[in-house]
Amino acid sequence: TTRKVLATKFIGSIATAFAPYMQIYIKSEREALLAVVNEALANIKNDIDHDEKVLNSSRLLIIAMKKSLDKCAGFGVDKTLIDLFLMIKNLIVQYVSGLTKLLPKKTSQIESYQLMCCIANTTSMILSILDSLATKVTGIVNESMQQSISVEDTKNAVGEELKKQI
């Protein structure tokens, strides 16, 4: 409707005025998402979804990232959204690398095998959502900025971690 378009333009105008200061917002979102990553990595053994064979924290992280992108998209400042997208890509690699480091060294117990499978399944799930993450951001920003949105580097990094996990 017309009111919604006008409201979006108004909010976008306000956000554009604050665009030079949006790095403060990005930093705040990074700290919040990094807390989710760190908590997930700290509690990995209690994080297993035995039905789905993945780590529950991965879903929480994906939801938190989606909420962060949705909130940022509402500002209407493409550069800030792209900066947030780049930061999220780095956090995804950090999370998956952290999972690799937590792989059990000794695999003599059934719990060790379960954890190894959950870590690999979680990494595989994250790998499968990367394209949809890029598509989401591409659908929001102006055409002139769409070429800067790619997840190939992240897919390669996550794929390399998956190889280590398997």
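We now turn to the structure provided with this report. (Residues numbered from 1 in each chain as written. Predicted model: local features only at pLDDT ≥ 70, side-chain atom pairs only at ≥ 80, totals over all residues. Heavy atoms only, no water.)

This brings us to the nonpolar core. Counting residues in each nonpolar core, the largest one holds 39 residues, and the members touching the most others are Leu-55, Ile-88, Ile-92 and Tyr-95. Among the elements of the structure, α2 (22-42), α3 (56-73), α4 (78-101) and α5 (110-138) are those that each provide at least two residues to this core. A per-element tally of this core places α4 first, with 11 residues. (Core = buried A, V, L, I, M, F, W, Y, C linked by side-chain atoms within 4.5 Å. Buried < 20%, exposed > 50% of the residue type's maximum accessible area, 1.4 Å probe, protein only. Helix = DSSP H or I, 4+ residues; strand = E, 2+ residues; numbered from the N terminus.)

Inspection of every chain in the model, using the stated rule, returns 10 salt bridges. Between Lys-155 and Asp-131 there is a salt bridge, with its nearest N and O atoms 3.1 Å apart. One end of the pair, Lys-155, is in helix α6 (residues 152-165); the other, Asp-131, is in helix α5, with 24 residues separating them in the sequence. Here Glu-161 ties to Lys-164 by a salt bridge, and the two come within 3.1 Å at their closest N and O atoms. With Glu-161 and Lys-164 both in helix α6 and three residues apart, the pair spans about one turn of that helix. What you see here is one network of salt bridges that share partners, running through Lys-66, Asp-70 and Lys-136. (Salt bridge = Lys/Arg side-chain N within 4 Å of Asp/Glu carboxyl O.)

Take the packing of α3 against α4 next. The angle between the axes and the distance between the axes are what describe a pair of packed helices. Packing of α3 against α4 brings their axes to within 9 Å, and their N-to-C directions diverge by 170 degrees. With respect to α4, the element α3 is oriented roughly antiparallel. Judged by residue contacts, Ser-57, Ser-58, Leu-61, Met-65, Ser-68, Leu-69, Cys-72 and Ala-73 of α3 engage Thr-80, Leu-81, Leu-84, Phe-85, Ile-88, Leu-91, Ile-92 and Tyr-95 from α4. Along the lines of polarity and charge, the residues of the contact of α3 with α4 split into 12 nonpolar, four polar and no charged. (Axes fitted to C-alpha atoms, helices over the stretch in contact; angles between N-to-C directions. Parallel < 35°, antiparallel > 145°, perpendicular 65-115°, else oblique. Contact = heavy atoms within 4.5 Å. Nonpolar A, V, L, I, M, F, W, Y, C, P; charged D, E, K, R; others polar.)

With that settled, the discussion passes to the side chain of Thr-100. If you trace the backbone, Thr-100 turns up in helix α4. For Thr-100, a relative accessible area of 14% gives the class buried. Those residues in contact with Thr-100 that lie beyond four places of it in its chain are Glu-161, Lys-164 and Gln-165.

The next subject is the side chain of Thr-122. By secondary structure assignment, the location of Thr-122 is in helix α5. Residue contacts for Thr-122: discarding those within four places in its chain leaves Val-54, Leu-55, Ser-58, Tyr-95 and Leu-99.

A few words now on the environment of Asp-49. Its place among the elements puts Asp-49 in strand β1 (residues 48-49). For the pair formed by Asp-49 and Cys-118, sequence separation is 69 residues and the distance between their alpha carbons is 8.1 Å. Setting aside anything within four residues of it in sequence, one finds Asp-49 in contact with Val-54, Asn-56 and Arg-59. For Asp-49, the side chain forms a polar contact with the main-chain nitrogen of Glu-52, separated by 3.0 Å. Among the polar contacts made by the side chain of Asp-49, one reaches the side chain of Arg-59 at a distance of 3.1 Å. (Polar contact = N/O pair within 3.5 Å; in protein donor to acceptor, adjacent residues only side chain to side chain.)

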